[in-house]
Amino acid sequence: MGIPILRGAPFDPQSDEAIRCDPELVARWLVAFLQDECISRRGIRRAVIGVSGGVDSAVSVALCAKAFGSENVHGFRLPHRSSSPESLAHGQLVIDAFGIQGQTIDISAMADGYAALEPGISPLRLGNVCARCRMIVLFDQSAKLGALPIGTGNKTERLFGYYTWHADDAPPINPLGDLLKSQIWQLAEYLQVPAVVRSKPPTADLVHGQTDEGDFGISYREADRILHLLLQGFEAGKLKEMGFDSAKVDLVYRRVQSTHWKRRLPTVAMISPTAIGESYLRPVDY
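Residues numbered from 1 in each chain as written. Predicted model: local features only at pLDDT ≥ 70, side-chain atom pairs only at ≥ 80, totals over all residues. Heavy atoms only, no water.

## Quick notes on unusual backbone geometry
Here comes step 1: Backbone geometry at His166 places phi at a positive 60°, although glycine is not the residue there.
Here comes step 2: Given the relative accessible area of 52%, His166 is considered exposed. (Buried < 20%, exposed > 50% of the residue type's maximum accessible area, 1.4 Å probe, protein only.)

And the structure:
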């Protein structure tokens, strides 16, 4: 997936060519990744996934079904009373489409038990509480089933910091973390994720009527074109010279720059030359 700058040809900032992937090759690689990380390295042959009804979790389900066999993949729908009924229905559609084990656990009592102690809790705060409650369920179910929780966060969300810290990005294995949202859609089509799930506006479903792109102020595809080049080392000023909208370049750049902290392990105060995750960076820990 090289940079689409051809000698003598004008650069088109509206082109998706640079962010196209080979979905068949990517799918095979990610299935092999899951088998290696879970089965070979950890000796775990079952997966637990939160099935939200969105395209990201649907792609993770499809990959895990190929990697472990559908009978070894446990998908959990984890609605709150404020969740969209459509999300619940689409989650079941994904469970049925890939033949995985499905279960629904309503987290309303968990989240509302805390919210009752905080009468002024905002919808955003409650949404984050719900996201963390869901992760509690997934980790506990993984302990019950002898499985590993599998992540569903894509690269665009991670670079934008658009997830609940210690929730969405908490699972130890994430097959989608190096794929931009635009590439997730390409992979979803190849894996035959139900069309209604692929085509609906992405939403975290934490607040009624919320959409990802509405929160961003930019579409995923526009953001991905800019992110791809920023990650290749192009400065924001150069992207503007190449024809990208100045305000959108600034928006993407600010998002990435302001959320570095969310993509790190806890920051540790260094006392010794063996501070874990700081100066001590051995690939295999003692």
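## Focus: the environment of Leu191
Here comes step 1: Relative to the helices and strands, Leu191 resides in the loop between α7 (181–190) and α8 (195–199).
Here comes step 2: A relative accessible area of 6% places Leu191 in the buried class.
Here comes step 3: Sequence separation between Leu191 and Val26 is 165 residues, and the spatial gap between their C-alpha atoms is 11 Å. (Helix = DSSP H or I, 4+ residues; strand = E, 2+ residues; numbered from the N terminus.)

## Section: the pairing of strand β2 (residues 73–77)
Here comes step 1: With five of its five residues buried, β2 lies for the most part within the structure.
Here comes step 2: By the alternation rule, side chains of β2 split into Val73, Gly75 and Arg77 and His74 and Phe76, which are all buried.
Here comes step 3: Sheet topology places strand β1 (residues 47–50) next to β2; four bridges connect them, and they run parallel. What sits directly across from Gly50, in β2, is Phe76.
Here comes step 4: Taken together, β1, helix α2 (residues 55–68) and β2 constitute a β-α-β crossover, and its handedness is right-handed.
Here comes step 5: In this structure, β2 lies alongside strand β3 (residues 101–104), joined through four bridges in parallel fashion. Of the residues in β3, the one forming a bridge with His74 is Gln101.
Here comes step 6: Handedness of the β2-helix α3 (residues 85–98)-β3 crossover: right-handed. (Pairing = 2+ DSSP bridges. Right-handed = clockwise from strand over helix to strand, strands pointing away.)

## With respect to the packing of α2 against α7
Here comes step 1: At a minimum axis distance of 10 Å, the contact between α2 and α7 shows a crossing angle of 50°. As the angle between them shows, α2 and α7 are arranged oblique. Note on packing geometry: the crossing formed by α2 with α7 is left-handed. The segment α2 lies against α7, with Val55, Asp56, Val59 and Leu63 engaging Lys181, Ile184, Trp185, Leu187 and Ala188.
Here comes step 2: Taken together, the residues that form the contact of α2 with α7 break down as seven nonpolar, no polar and two charged. (Axes fitted to C-alpha atoms, helices over the stretch in contact; angles between N-to-C directions. Parallel < 35°, antiparallel > 145°, perpendicular 65-115°, else oblique. Left-handed = near helix turned anticlockwise from the far one by under 90°. Contact = heavy atoms within 4.5 Å. Nonpolar A, V, L, I, M, F, W, Y, C, P; charged D, E, K, R; others polar.)

Geometric values such as these leave the question of function open.
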